[in-house]
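Given next are the chains, with one letter for each unit.
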Amino acid sequence: MFLSLAGIEELSNNSFGGGLPNNLSRCSNLEYLYLDNNHLSGNIPTQLGSLPKLRELFLYVNKISGTIPPSIGNLSYLVKLSISRCNLHGEIPEGIAKLRLLKALDFEDNKLSGKIPSGIYNISTLTVFSLQINRLEGSIPPDIGSKLPNLIFLGLFENSFTGMIPNSLSNASGLAFINFGVNNFIGPMPKDLGKLLNLGMINFQFNRLQDDLSFISSLTNCNRLRFLLANDNLLKGTLPNSAANLSIDLSILYLGGNQLHGSIPSGIGNLLNLTILHLSANYFSGHVPDTIGRVHKLNELFLAINNFTKLPSSLGNLSALNLLILGQNNIRGSIPLSLGNCQQLLGLDLSHNNLYGSIPLEIMNLSSISVSFDLGYNSLTGSLPSEVGSLKNLANFDVSNNRLSGSIPNSLSGCLSLEVVHLEGNSFEGEIPQSLSKLRGLREMDLSRNNLTGLIPSYIGELALEKLNLSFNMLYGEVPTQGVFRNASAISIVGMDNLCGGVADLNLPPCPFSMSKTNKLSYKKKIILYVVVALVISSTLAVSFFMFRRRQRVSRKEDSSKASFEHQILREIDIVGVPRVRLLQVLMLMLCLI
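What you see is a predicted model; the values in this text were computed from it and never measured. (Residues numbered from 1 in each chain as written. Predicted model: local features only at pLDDT ≥ 70, side-chain atom pairs only at ≥ 80, totals over all residues. Heavy atoms only, no water.)

Caption draft 1: A look at the pattern of salt bridges. Tallying each qualifying case throughout the model produces four salt bridges. A salt bridge links aspartate 211 to lysine 191, with the shortest nitrogen-to-oxygen separation between them at 3.9 Å. A residue pair is termed long-range when its members are at least 10 positions apart, and aspartate 211 in the loop between β17 (208–209) and α2 (215–219) and lysine 191 in the loop between β15 (184–187) and β16 (201–203) qualify at 20 residues. Residue lysine 191 is classed as partly exposed on the basis of its relative accessible area, which comes to 41%. (Salt bridge = Lys/Arg side-chain N within 4 Å of Asp/Glu carboxyl O. Helix = DSSP H or I, 4+ residues; strand = E, 2+ residues; numbered from the N terminus. Buried < 20%, exposed > 50% of the residue type's maximum accessible area, 1.4 Å probe, protein only.)

In structure tokens, the structure reads:
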């Protein structure tokens, strides 16, 4: 099928399966072979190295396995070689270094191991060098920028490289993309990166680099810089004011997971095209600057795990915001009402702060929130607004460990997409709403450490819960045995002495027969039944007594001395048409059932 005497074989983006044919060497005039984005499997045949005129070989995005055949090094006219996103393993053959005309080498996203053959660094024609997402190791030669001066794309992301990032990178004046993230590089940030005027992306994230942020000042010369990622290293110091002078095109700034301190410069508002700002897990302090509200294109703002103390109302100007993550700070005050303007918000985390006051209705009406709504571990007061039902697409809801009170609103059942609910550590009271039975996708629910009363609703056992905590409330009665209640390790019901029954592993006392029968009745229904029975008994006795007194006056000649007063009352019950023995039995049975 693949055999052709033509110079070009374009078979990309099909659904071809099977292996590459071994007799490819017969296509001696083949110059371009494009078999990418198919379902080809098996090994790369050694005979592929017998195509003397081949200039471009694209096999990326297939199911090819095995190793890279050394015969590839015989393709002396090869200019572009891409075998990425396959399932190759083993080492990169030394023969690749013989491809002196090679401009693009792409072995990304395989399982290649070992070290990069040193001869590859002598292919001065290389412009694209991508070995990302493999298992390669070793260090990068300090003169890489001098030996590969034509580099435009250098991708070593997600391997196990060690050593220092070479300063000589600045000698490759055309470098536009540097991706060294997720490795084990150490030492300082490379110097003079500001000389790379075409630089569009720098990714040094998830390494062990130790330096301050002075390198940012040199990057202000890089007018095309769009992505700067240096998160999760060992960087120290402050965010310099020069950050405000970074490229107006800067879209992503990741500096989280370091040891930075101080405040965010107010000039951050100059980065008008910023879409993601990630400064979490540092030691930043002070106020989040008001000028952040000028960055109208911001989609994601991560400032969690710092020491910020105040939120600006200008956050409400970020109408494009999808994620607002501010948990684990020292933020004091009330929740800004202006957040209600963030109509595209998908996730909100203000947990573990010192927020007080009530939960604003404005944020409860943000029906766009679907990922997470987390206000846990604050000092919020008041009731949980009934507007919570507006969060119809919400998956995770957490208002735990506040000072909320009142009943759990029935409207919570309107959040039909809920998977996780945390209401623990508040002062909620009343019964667990029956309406929560509508939350069929619920996997985890924690209502512990509140003042909830009544029986444990049987519908909870019908939900797909994997974890349930009802401990330290005032619940009573029989514990259900179906669903999550079958697994004692999946539930917690400690701190309540009036529970009974349940599975044996809970070690609860058995329920009295009368309790097990009446657990189906709600507390309010039982009170009503008590009242009704009491009224029936008192009314019956009153009527009987009245009839008895009347008959005494009408017929005093009747010999009543032989019947006791009590006997006469019971006799007179027959007058109103109810047999006295049967009536007493019914009333006594009703009282027993209560």
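Caption draft 2: Structural context of the packing of aromatic side chains. Enumeration according to the criterion identifies ten aromatic pairs in this entry. Three or more aromatic residues joined by ring pairs form one cluster here, namely Tyr32, Tyr34, Phe58 and Tyr60. (Phe/Tyr/Trp six-rings, centres within 6.5 Å; stacked < 30°, edge-to-face > 60°.)

Caption draft 3: How the structure looks around the pairing of strand β7 (residues 87–90). Judged by which residues are buried, β7 turns out to be one-sided: Leu88 and Gly90 face inward and are buried, whereas Asn87 and His89, on the alternate face, are not. Pairing of strand β5 (residues 63–66) with β7, which is carried by two bridges, proceeds in the parallel orientation. Among the inter-strand pairings, glycine 66 is bridged to a residue of β7, identified as leucine 88. In this structure, β7 lies alongside strand β9 (residues 111–115), joined through two bridges in parallel fashion. Of the residues in β9, the one forming a bridge with glycine 90 is leucine 112. (Pairing = 2+ DSSP bridges.)

Caption draft 4: Expanded view of the confidence of the model for the chain. This prediction gives the chain a mean pLDDT of 89; 85% of its residues lie at or above 70. This model gives residues 554–594 a pLDDT under 50, and the stretch forms 44 contacts once residues within four places in sequence are excluded. (pLDDT = per-residue confidence, 0-100. Contact = heavy atoms within 4.5 Å.)

Caption draft 5: Focus on the state of the cysteines. As enumerated under the stated definition, the model contains one disulfide in all. Cysteine 500 shares a disulfide with cysteine 511; S-S distance 1.9 Å. Looking along the S-S bond of the cysteine 500-cysteine 511 disulfide, the torsion reads about 100°, which is the right-handed sense. You can see cysteine 500 sitting in strand β42 (residues 499–501) and its partner cysteine 511 sitting in the loop between β42 and α4 (513–518), a full eleven residues away along the chain. Residue cysteine 500 is classed as buried on the basis of its relative accessible area of 4%. (Disulfide = S-S within 2.5 Å.)

Caption draft 6: Inspection of the pairing of strand β13 (residues 160–164) at higher detail. Alignment of strand β11 (residues 135–139) against β13, held across three bridges, turns out to be parallel. When the sheet's bridge partners are listed, serine 139 is paired in β13 with threonine 162. Sheet topology note: the β13/β15 ladder contains three bridges and is parallel. Bridge pairing in β15 places glycine 163 opposite phenylalanine 185.

Caption draft 7: Representation of the sheet that holds strand β21 (residues 259–262) in the model. Sheet architecture is open: four strands sit in the order β19-β21-β23-β25, paired in parallel fashion. A strand with exactly one partner marks an edge of an open sheet, and here the two such strands are β19 (236–238) and β25 (307–310). Neighbour to neighbour, the strand axes of the sheet diverge by 20° on average, direction disregarded. The pairing of strand β23 (residues 283–287) with β25 spans three bridges and is classified as parallel. Bridge pairing links serine 285 to asparagine 307 in β25. (Axes fitted to C-alpha atoms, helices over the stretch in contact; angles between N-to-C directions.)

Caption draft 8: Geometry of unusual backbone geometry. Unlike most non-glycine residues, arginine 85 shows phi in positive territory, near 55°. Locating arginine 85 in the fold gives a position in the loop between β6 (80–82) and β7. The backbone phi angle of histidine 352 is positive, close to 55°, even though this residue is not glycine. Tracing the sequence through the fold places histidine 352 in the loop between β28 (347–349) and β29 (354–357). For histidine 352, a relative accessible area of 37% gives the class partly exposed.

Caption draft 9: Structural view of the sheet that holds strand β31 (residues 379–383). The seven strands are arranged β27-β29-β31-β33-β35-β37-β39 in an open sheet whose pairing can be described as parallel. Because the sheet does not close on itself, it has two edges, and the strands there are β27 (332–333) and β39 (474–475). Pairing of strand β37 (residues 451–454) with β39 involves two bridges; the strand directions are parallel. Each residue of the ladder has a partner; that of threonine 453, found in β39, is methionine 474.

Caption draft 10: Spotlight on the nonpolar core. Ranked by internal contacts, the top residues of the largest apolar core, which has 149 residues, are Phe129, Phe373 and Phe397. Those elements that provide at least two residues to this core are α2 and α3 (361–364). Of the residues forming this core, the biggest block, three residues, is contributed by α2. Both domain 1 (141–260) and domain 2 (332–512) contribute no fewer than three residues apiece to this core. If near-sequence neighbours (up to four positions away) are discounted, phenylalanine 373 is found in contact with Leu348, Ile363, Met364, Leu391, Leu394, Asn396, Phe397, Asp398 and Val399. (Core = buried A, V, L, I, M, F, W, Y, C linked by side-chain atoms within 4.5 Å. Domains from an automatic or database assignment.)

Caption draft 11: Summary view of the environment of leucine 326. Considering the arrangement of structural elements, one finds leucine 326 in the loop between β26 (323–325) and β27. Given the relative accessible area of 1%, leucine 326 is considered buried. Residues within four places of leucine 326 in sequence aside, it is in contact with Leu303, Ala304, Leu311, Leu315, Ile331, Asp349, Leu350, Ser351 and Asn353.

Caption draft 12: Examining the side chain of asparagine 159 more closely. Among the structural elements, asparagine 159 can be located in the loop between β12 (153–155) and β13. At a separation of 3.0 Å, a polar atom in the side chain of asparagine 159 contacts the main-chain amide nitrogen of leucine 136. Sequence-distant contacts of asparagine 159, that is, excluding residues within four places in its chain, are made with Leu131, Gln132, Ile133, Asn134, Arg135, Leu136, Val182 and Asn183. (Polar contact = N/O pair within 3.5 Å; in protein donor to acceptor, adjacent residues only side chain to side chain.)

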